Each structure stands twice: as C-alpha cells, then as structure tokens.
Amino acid sequence: MTSVTYHDVRLMEPAQTRNYLNVDYGFFSWLLTRDHKRIAILYMISVSIMFILGGFFAMMMRLELLTPEGDLLTSDTYNKFFTLHGIVMIFFFLIPSIPAILGNFILPIQLGAKDLAFPRINLLSWYLYIIGAVIGLYVIIVGGVDTGWTFYTPFSTQYSNTHVFGTTFGAFIVGFSSILTGLNFIVTVHRMRAPGLTWFRLPLFVWAIYATSLVQLLATPVLAITLVMLMVERIAGVGIFDPALGGDPLLYQHMFWFYSHPAVYIMILPAMGVASEVVAAFTRKKIFGYKFVAFSSLAIAFLGFLVWAHHMFVAGISVYSAMIFSFLSMFVAVPSAIKVFNWTATLYKGSVSWQTPMLYILGFIGLFTIGGVTGIFLASLGIDVHVTDTYFVVAHFHYIMVGGAVMAYFAGLHYWWPKISGRMYPEWWARLGALLVFVGFNLTFFPQFILGYVGMPRRYHAYAPEFQVLNVMSTAGASVLAVGYFLPLVYLLWSLRFGRKAGPNPWGAVGLEWTTSSPPPKENFHETPVVTWDAYDYPAMLKAMGETQNV
Amino acid sequence: MNEQEHAPHHESTPLWIYYAVFAALLVGTGLTVFAALHDLGVLNTPVALTIATVKAALVILFFMHAIHSTRLTWIVIAASFLWLGVLFVLTFADYLTRMWGLQ
Amino acid sequence: MSAIETHEREHHPFLQHHFEDMGQQHEASTLGMWMFLSTEILFFGGLFLAYAVYRNMYEAAWIEGAHHQNLVLGTVNTAVLITSSLTMALAVYFSQWGRRIATFFCLVATFILGSVFLIIKAVEYHAHFEEGLLPGAYFTYHSALAPKVELFMTFYFCMTGLHALHMVIGAGLLIYFMRRAWRGDFGPEYYSPVEIMGLYWHFVDIVWIFLFPLLYLIGRHA
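Residues numbered from 1 in each chain as written. Chains lettered and ligands numbered in written order. Predicted model: local features only at pLDDT ≥ 70, side-chain atom pairs only at ≥ 80, totals over all residues.

Let's shift gears to the overall build of chain A. When helices and strands are tallied, chain A shows 17 helices and zero strands. In terms of overall dimensions, chain A is globule-like: its C-alpha atoms have a radius of gyration of 23 Å, near the 24 Å expected for 551 residues. If you line up chain A on its principal axes, its C-alpha atoms span 70 × 45 × 45 Å. Across the 551 residues that make up chain A, the buried fraction comes to 58%. Taking contacts inside chain A between residues at least 6 apart in sequence as the whole, the part at least 24 apart equals 86%. (Helix = DSSP H or I, 4+ residues; strand = E, 2+ residues; numbered from the N terminus. Rg over C-alpha atoms; globule rule 2.2 N^0.38 Å. Buried ≥ 20, exposed ≤ 12 C-beta atoms within 10 Å, placed from the backbone. Contact = placed C-beta atoms within 7 Å.)

Next up, the structure:
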C-alpha cells in the first residue's frame, strides 16, 4: 500500500482506460451489479423519474389554485394529488436522493474503500426501492389515495375508499430500502476507512451521511410497524386507532411522527454535508469549526428524535406535553444554526469562485435559514395555533426541503458530476438553471408565507377570492421553477456525449475522491490510499502541487 | 474441510457458562410464573418485567457474547434501548398528563 | 498500473473481495447484524409502546384477555425457546472449533425446538379461534369488556404473529446453515455466519421473554 499524494494526481491520464462504466457491458451487468457506483446510477435514474412524477402532481395543484373556485379538479381528485405529491416526493425522492445517489457513489471513495461493507445488500436496497415504487405507481394508476401523506386515522382506516392498503404497503417496502442503506453506510464508516483516515480527518459529507444513517436506522422501523398496524386495522376492521372501537387516533400520530419528524432530518442532513464540501471547495479553505460542524450533525440526529409532537399541538395532546415538545423543538435549531455560522465564517476571506455548485449552495444557506427560523415560529405554541394547517406550514417546509435539500442535491450533482461521468457540464447553462431555480422558488413559496398568515388553509382546492393574487404569483413561480429543473435534465444528459472530458480534479479540491480518475476504476483506487492529511487541508495540497490546479 | 487445529481468534466462552445461563433462564421462567400466581399488589408488573430484563441481559451478555464484544457493540445495544426509551417516555408524557388540571 | 493481482494472493475461499482480510469481514458482518437487531428492537418496540398505552387505559380488559391465554402452553413454549437458544449458542461454539458434526446437530436441534414452538403456537391460535377470540369478522366473544378484549387480542395476534414470522424466517435460515455446516464450511477462521445467525435467533428469544409475562401473566393471582 503506497501513499497516494496529490503529486500523483497530475500524472494521471483522463480515463481512457477501463473505468466502472466501461468495465462491463450488458443489461445484467447493471441489474445484477454489486458496484456501489453503478447502484448509485440506477438510483439516479429511478429517483429522477419519481421526481418528475411528483412534480407533475405539484403542477396540477398549482394550476388548480390559479382560481379561487375548485374548477379544474374535483375536491376528491385534488385530495389525491396533494397526497401523491407528498408521498412521491418524500418517500421516493427526498429520502433517497442524496444518500442513495451521492452517498452511494462518493462515500466509499471518500473513505478510500473498494465498496460499501455489504454490496449485495446495497443492490437489495435498490430493488426494494423499485418494488415500492412499482406498487406506488400501480396505486396511482388504479385510482390513487386521498388521505394525505400522513395517513391520519380513522379516515385512512375506516372511511377512505381509496387505495390506502396498497400505498402503505409500498411505503413499508421502500422503508426497508432506507433502513438497509443506512445500515450499510454506518458499518462502512466504522470498519472500512483507509489507513490513516481517523474520524477527525473525515470529510464533513461523511459525518453528515453517518448521522443521516443513524436516523434512517432507528426511526424507519417505527414507521414500518405503524404502517403494519394501520394495514391490520384496515383489513381486519379492528380498532387500534379508531375512537369508535376504543382506539386512540393520537397514538397513530405519535408513532407516525416519531419517524416522520426525524425523516426531515434524513432529508436535510445530507444536504448540509454537501454544503460543507462545496463551501470548502469553492472557497479553497478548510471549513471553519470542523469539529463543531461534525458534532452538530450528530446533535441534529439525536435532538431530532425528541420533538415529534410539535406536529400535534392542536391535535389533542395534553398541554403539558405540548409545552415540553415546544421547549425541545427550540433546541434542535441550535446545531443547524451552528452550521450556518460556520459556513458563513468559512466564506470570510476565502478565495470564492462562483461556479454552479457554489451558486446552489449559497442559495441553500439563505433559503435554509429562512425555512429554519420559520420553524421556530411554528415551534412556539401560541403562533402555531394560529398558523397550523395553513400555507405558512407549507411554505416553511418547502423552504427547507426545496430551497434547502433539493438545491443542495443539485449542488452535489453538479459538483460530483465530473467524477461520476468523466465529463464537465456546460457552465453557463448550469448557472442559468441555478438562477431560474432560485428566482422561481422564491416566487413560488414566499407568497405562501403570507397566504398562511392571513388564513388560507392547506389541502383545500378552493379558497377565498382575496387570496387569488398571491396564488397566481405562486403558480407563476412554479412555472419558472419547472423550467429551472428541466434545464439540468437536458444539459446533463447532453454532457454525457458532448461535454468536455474531466480530469481527476477539475475543481482543485481536497478529498480522496479527487485523487482517483474521472470516472473512477471499478475498485475505486488502483492502490489503497494511506491518508496523512487533514480534511480540506488546502495549504498542504497547494504546496504539494506547486500552486497549480489541474482540470 | 478444516478440522480444528488452533483456537478461534476470538475469546471463546467456556461450555459450562452456557449451561449455567440456560439453567438460570429456566429458573427465571419458573420464578416469574410463581410470582404471577401470587398477589404482590402494584409490584406484580415490576417484578415480572425485572425478571424478564434479567433473563434478557443474560442472553445478551453470554449467548450473544456481548461480554466479549467491542465497545462499539455495547454502544449499539445501549443506543437501541435508549431510543426505545425516548419513544416510551415522551409518548407517555402525553398520556399520563392528559387528565391533569387544564386538560 | 493495475494492482488487482490480489487474486494471486492466498486468501480464504470465503473472503469477499472488497474486504482486506477475514478479520475485517468478521467485524463488519457482526456489526451489521447488531445494527439490524437494533432496527428490530425499534420495530417490535412500536408494538410494545402501543400495547403499553392501551394497557394503561384498559387494565381490566387486559387482565381478562390475559386470562384467556393458556398458561401451561405458554410456559412450555418459553422453556422450549430458551432451550433452542442454548442449542444455538452451542452450535456457534462448536463452529468456532470447527467441529462439523456437533455444529450440525446443534443446528438441527435448534430447528426442531423452533418448530415445536411454532406448532404449540398454532395449537393456541386454533383454540383462540374456537373460543371466538380472533379479532375482526370472527370475533364472537361476549363480555362486558368485549370490545377492549378484542383490542387486547389484536395486540396478542400482532405481537405473537410478528414474533412467529421471525421464527419462521429463522427456521428457514437454519436449514440453509445446516447444509453449510454439514459441508464443513465453518472453522476457526470463518464462523461468523453461524454467529450472526445466533445473534438473530437469540434476539427472537428475547422478544418472547418479554411477550410471555406481558401477554400471559397479567392479573393471574386468584
């Protein structure tokens, strides 16, 4: 085992030799692969399809909301569309996106490993995702489901006459995909780091994915058993959560949110990991307060489990427990804020460059902050009573999920695209896409804060006429956003054939993934690296390379 | 294929420990049934759960070799029960306070 | 350039190529199984939580439901499962020493005891059905607390049913391991599959250790 230094990087040829993409051909070499990189590509394709499907439901909702009357869709259909938008986007897009695509591809390489700890289980995770997605698609085709993605009882168990069982079964299956991925990542980080790669030399992306995996591992099983009980109740007609038969609907909500609140941290933590990587790379500096950022990932994962009933403040829980949960919810903002401070401090006196990943991440930092602080408003009991179940909540979580997680996902996609595909994307088109996404996003969702505050309820297809102007703005924004999302689809595919070929380290960044060729060989490294440098050690790298950057 | 010439590279629990734990588990089972058949007032449930916990601990420590395992394994076991504890405590924080005062 | 000449290096036939050596593979698989068991703790834990919430609400119905469980069969089953845990632990022990026949017979014994457990369980389920205690459409039991007793029975069937499902999966895995043990795959350098099978089996035993008092032993004093 020799030490791979940044000197060697300059000597590497662009990948004309065998890499993971051309080492094997044929349908089954992909469908039966155990290579984490190929599995990441499989996820990328399937997750992108689900993203487009979820976007379709969103577009239909926004079109309906152009007018105050419910004139485009019936209320039943509208109920199905917001339900399916939520289910598809949360379970089939946001939860897998960064971990299953970027995590799968990049994590083992950042650790200097040849693959994840359990490659076959990794493939199984993808197949479970596909089975869950096929079940979901089947449900959509045969008529959909209208309970809201939250499946509240007793409506979902006793009264809804849509395909509740099928949907919950699909969600149950896809949950195991998430659990197994988390399990795989945790064991890999513990047991497969390269020699010399101590915990505090790890990239912050690894810390973030590790924390995410902890949440996936411990929260998802509770959702699984909750859905099992829901399915049992629906099929057998018993009353586990039905008040008429002695059950408590709030017990369902407690158990559902025990998962679903930590689930939002599954969605945002990897995004924060990407943010750390991109900020470091495009300021050419180590992240300010590395240990604080690393530990804050763990803190978010832990504290995220203590706050779930802030989704139930007006549902009927006791006032005393509401006060406890409100108090705890204030704490969970602290580690997130620490990260924002640290990223900002990293920017100070950094050598900032404005490539697309950086543009997305700068947007992420601002929009996530807005989304986060509006979460504090919601955590405060008095305010929550006023704005719960209004568009204020909708705006809050879209700021974090779309303005936050999705933008960071696009940042990561662009940042690691050269590594994954061996090609550069066209920079100016990408910047245009980022700009359209940012403008479109704010135009879509900022009006919704106002709408919620003045009283427009969520999940309604008709509304009071005085809300129309803001709704029209929101729909206009959604159209811009759609164009912004469409552009990367086009130019990223274009770049696979026509993009400029990328060298091993087009950004001049520090990290093990940038010491191997683009695309990497099947075993990731030709020789196991030995790590002797700290994370983001730009001064050392620049010295070793004589201040030149290779593209 | 390969007969044993050398000891396993992990500490191996001596056989008599397995038999001892087995006996203890059977005794515990008899004890819990015995205790259940007698009126201990409010202590019936705590006694039953304590016996069950001791039995589970014996299985984890000896049958599952936790006593010879790495610190990381201990952390995994502890964290699982801790998370379960969070689920129980915070959920019951609602149920046990519903009838208080204002509510 | 390529250093993929590791194939020429002597390595154990069961070493997977992404691992450096058998030690790393053993540690990774063991840790992986413990992590999986932690998900199972949360999975069953959800049922225990719901059970506890309703026991707190409907104590009398819970006692009534527990009285309809067969204490003798439950106790026998507990002893059977504990014994199967012993034989499983012995199977791991013998596989560590490469004792092929002993490993095989301990796995067979575990399988037989597990099957006995499931048969007794089936007998109990049948009895419940006969008494009209199967929740849902076939629930014909009558008493002042019948609806809440139905809730208890729902938990009884969900919890023991999920447990039994895990036993069935375990039994299937045991057959797979019996074959491998007979073939002589296991020895001092490579016994971790048997060990992680053992971890799974012991976990299922622990779940029953808690289910037994919670479902059979409530309010049993006259």
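The next thing to look at is the interface of chain C and chain B. It is common to report an interface's size as the accessible area lost on association of the parts. The partner chain B presents 40 residues to the 39 residues of chain C that form the contact. Every element with two or more residues in the side of chain C that touches chain B is listed here: α1 (22-57), α3 (71-96) and α6 (192-216) of chain C. The element best represented in the side of chain C that touches chain B is α1(C), accounting for 11 residues. When its residues are assigned to classes, the side of chain C that touches chain B shows 23 nonpolar, 12 polar and four charged. (Nonpolar A, V, L, I, M, F, W, Y, C, P; charged D, E, K, R; others polar.)

Right, let's get into the confidence of the model for chain A. Caution applies to low-pLDDT parts of the model: their predicted coordinates are not meant to be read in detail. Taken over all residues, the pLDDT of chain A has a mean of 93, while the share at 70 or more is 96%. The model gives residues 7-11 of chain A a pLDDT under 50, and that stretch makes seven contacts with residues more than four places away or in other chains. (pLDDT = per-residue confidence, 0-100.)

With that settled, the discussion passes to helix α16 (residues 468-498) of chain A. All names here are of chain A. Over its 31 residues, α16 extends 45 Å from the first C-alpha to the last, a length consistent with the 45 Å expected when each residue adds 1.5 Å. The complete set of buried residues in α16 reads Leu470, Asn471, Ser474, Thr475, Gly477, Ala478, Leu481, Gly484, Pro488, Leu492 and Ser495. Contacts made by the buried residues of α16 are with α3 (36-64), α14 (391-421) and α15 (427-453). (Expected span 1.5 Å × (residues − 1).)

Our focus in this paragraph is the interface of chain C and chain A. Tallying the contact residues gives 29 residues for chain C and 33 residues for chain A. When the residues that make up the side of chain C that touches chain A are grouped by side-chain class, the tally is 17 nonpolar, nine polar and three charged.

Turning our eyes to something else, we now look at unusual backbone geometry. Negative phi characterises most residues that are not glycine, and trans characterises most peptide bonds. All names here are of chain A. Following threonine 153, the chain continues into proline 154 via a peptide bond in cis, with omega recorded as -5°. Looking at where proline 154 falls in the secondary structure, it is placed in the loop between α5 (119-141) and α6 (155-159). Looking along the chain, the bond that leaves serine 518 and enters proline 519 is cis, with omega of -10°. Phi at arginine 284 is positive, roughly 55°, even though this residue is not glycine. Considering the arrangement of structural elements, one finds arginine 284 in the loop between α9 (249-283) and α10 (290-303). Within the chain, tyrosine 536 stands out as a residue other than glycine whose phi angle is a positive 55°. Turning to its location among the elements, tyrosine 536 is positioned in the loop between α16 and α17 (538-545).

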